[in-house]
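Okay, here's what each chain looks like letter by letter:
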Amino acid sequence: MSAKLIKGTEIREQILEEITSEVAEIKEKHGVVPGLVTILVGENPASISYVTLKIKTAHRVGFKEIQDTQSETISEEDLLALIDKYNKDESINGILVQLPLPKHVDDKKVLNAIDPDKDVDGFHPVNVGRLMIGGDEVKFPPCTPAGIQEMIVRAGVETKGAEVVVVGRSNIVGKPIANMMLQKGPGANATVTIVHTGTKDLAAHCQRADILIVAAGVPDLVKPEWIKPGACVIDVGVNRVGEKISEKTGKKIAILKGDVDFDAAKEIAGSITPVPGGVGPMTITMLMLNTLKSLKFKLGIA
Ligand code: GUN
């Protein structure tokens, strides 16, 4: 059997189209568009490329977008004052501070300074708490887990009563996606197990999974014999395992591998996400959706 591919690149296009038309509608009815500011500190090349893509996508869907780039040497105090400025700015609905931050800045302090109602990353403790409570309390689910859930739903995979096994317990992916999948409601209502480096028999747990979500950061960790035939496999891993010359641009690019042995797994799984082109494109897409939601909450139309 060859698994159905769940392509993040295709789902991204559908969602961005949906966002674009909703933004146009809100603009016509209410005379406003969502505003997103990304704050970039320093010149980390990976951060520059993520932020550039976030801003480009925000522009594409019709948002007001601001890229606020600050020097590596900005003081914590000045960074907090900058966040305060955007907290008070009525035209801004989403504030994102790109991580990592320089060592002299306390990133917890910075993230906690963002108004929870503009925290479109969903990293503020208030939003982590809202996610834990679930239901109507949830405002901004963190973007990667939200993207994973959206992919599962759009792929038509049944989640109610499903055995979901999450590999990895990070605050950004493992813990929130496990929490989201166990809530009551559509796209969830599953029985969830989290496995991690302290788990005794990883394979045995994975073999029970109707939906296997892997966010471990270890290339090819999940072997084909760990996969239940017909399971939905979501691979969140993006591991750089080398470099190659791009056929398109002639430039050096990273060779990426997921946490799942894809070539073997696709013969057993019912559906599977590729790497690259799977979960990756969903994160920025969900950031756009959270920013749109933020404006809708403000307008009372969410
Ligand atoms: N750095 C890498 N990924 C992310 C993300 O999703 N949000 C922020 N704020 N920083 C990041």
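Up top is the structure.
Visitor: Sorry, what's going on with the site of the ligand here?
Guide: Taken together, Leu96, Val97, Gln98, Leu99, Asp121 and Phe123 form the complete shell of residues around the ligand. Here Gln98 contributes a side-chain N or O atom positioned 3.1 Å from a nitrogen atom of the ligand. Between the ligand and the protein, one listed contact pairs a nitrogen atom with a side-chain N or O atom of Asp121 at 2.6 Å. With the chains in place, 77% of the 280 Å² that the ligand exposes on its own is no longer accessible. For the shell around the ligand, the class distribution of residues is 4 nonpolar, 1 polar and 1 charged.

Visitor: What am I meant to see in the sheet that holds strand S8 (residues 232-235) here?
Guide: Pairing between sheet strands relies on hydrogen bonds along the backbone, with the strands arranged either parallel or antiparallel. With parallel pairing, 6 strands are arranged side by side in an open sheet as S1-S11-S8-S7-S5-S6. Edge strands, defined here as strands with exactly one partner in the open sheet, are strand S1 (4-5) and strand S6 (191-195). In this sheet, S8 lies alongside strand S7 (residues 211-214) in parallel orientation, the contact comprising 4 bridges. Looking at S8, one finds that Ile213 is bridged to Ile234. Packing against the sheet, helix H7 (residues 174-182) makes contact with strand S5 (163-167), S6 and S7, and its axis sits at approximately 165° to S6.

Visitor: What should I look at first to understand helix H6 (residues 143-154) in this one?
Guide: Each full turn of the α-helix corresponds to 3.6 residues, which orients residues three or four apart in the same direction. Here H6 contains 12 residues, and its C-alpha end-to-end distance of 16 Å stays within 8% of the 16 Å for a straight helix at 1.5 Å per residue. The buried fraction of H6 amounts to 9 of the 12 residues, a majority that puts the element mostly inside the structure. Tucked inside the fold, the buried residues of H6 contact helix H1 (8-30), H7, S7, S8 and helix H10 (280-299). Just beyond H6, the residue with positive phi is Gly156, at close to 75°.

Procedures and definitions
- Counting of residues starts from 1 at the beginning of each chain's written sequence and follows it residue by residue.
- Whole-chain, interface and lining totals are the exception, using all residues; otherwise, since this is a predicted model, local features are given only for residues with pLDDT of at least 70 and side-chain atom pairs are given and counted only at 80 or more.
- To obtain the side-chain values, all non-hydrogen atoms of the structure were used and water was disregarded.
- Here a residue counts as near a molecule or strand whenever at least one of its heavy atoms sits within 4 Å of it.
- Polar contact is the term for a pair of N or O atoms within 3.5 Å; when the atoms are in protein, one must be able to donate a hydrogen and the other to accept it, and sequence-neighboring residues count only if both atoms are side-chain atoms.
- For the accessible areas, the method is Shrake-Rupley and the probe is 1.4 Å, while residue cover comes only from the protein chains on display.
- Gly is placed with the polar residues, together with every amino acid not listed as nonpolar (Ala, Val, Leu, Ile, Met, Phe, Trp, Tyr, Cys and Pro) or charged (Asp, Glu, Lys and Arg).
- Any two strands are treated as partners once DSSP identifies two or more bridges connecting them.
- Helix and strand definitions here come from DSSP, where helices need a minimum of 4 consecutive H or I residues and strands a minimum of 2 consecutive E residues; each element is numbered from the N-terminal end.
- The contact criterion used throughout is that any non-hydrogen atoms of two residues lie within 4.5 Å.
- Axis definition: a line fitted to C-alpha atoms, limited for helices to the stretch in contact. Angles are taken between N-to-C directions and run from 0 to 180 degrees.
- In this scheme, a helix's expected span is set at 1.5 Å multiplied by one less than its residue total.
- A 1.4 Å probe rolled over the protein chains alone gives each residue an accessible area, and that area as a share of the maximum for its type sets the label: buried under 20%, exposed over 50%, partly exposed in between.

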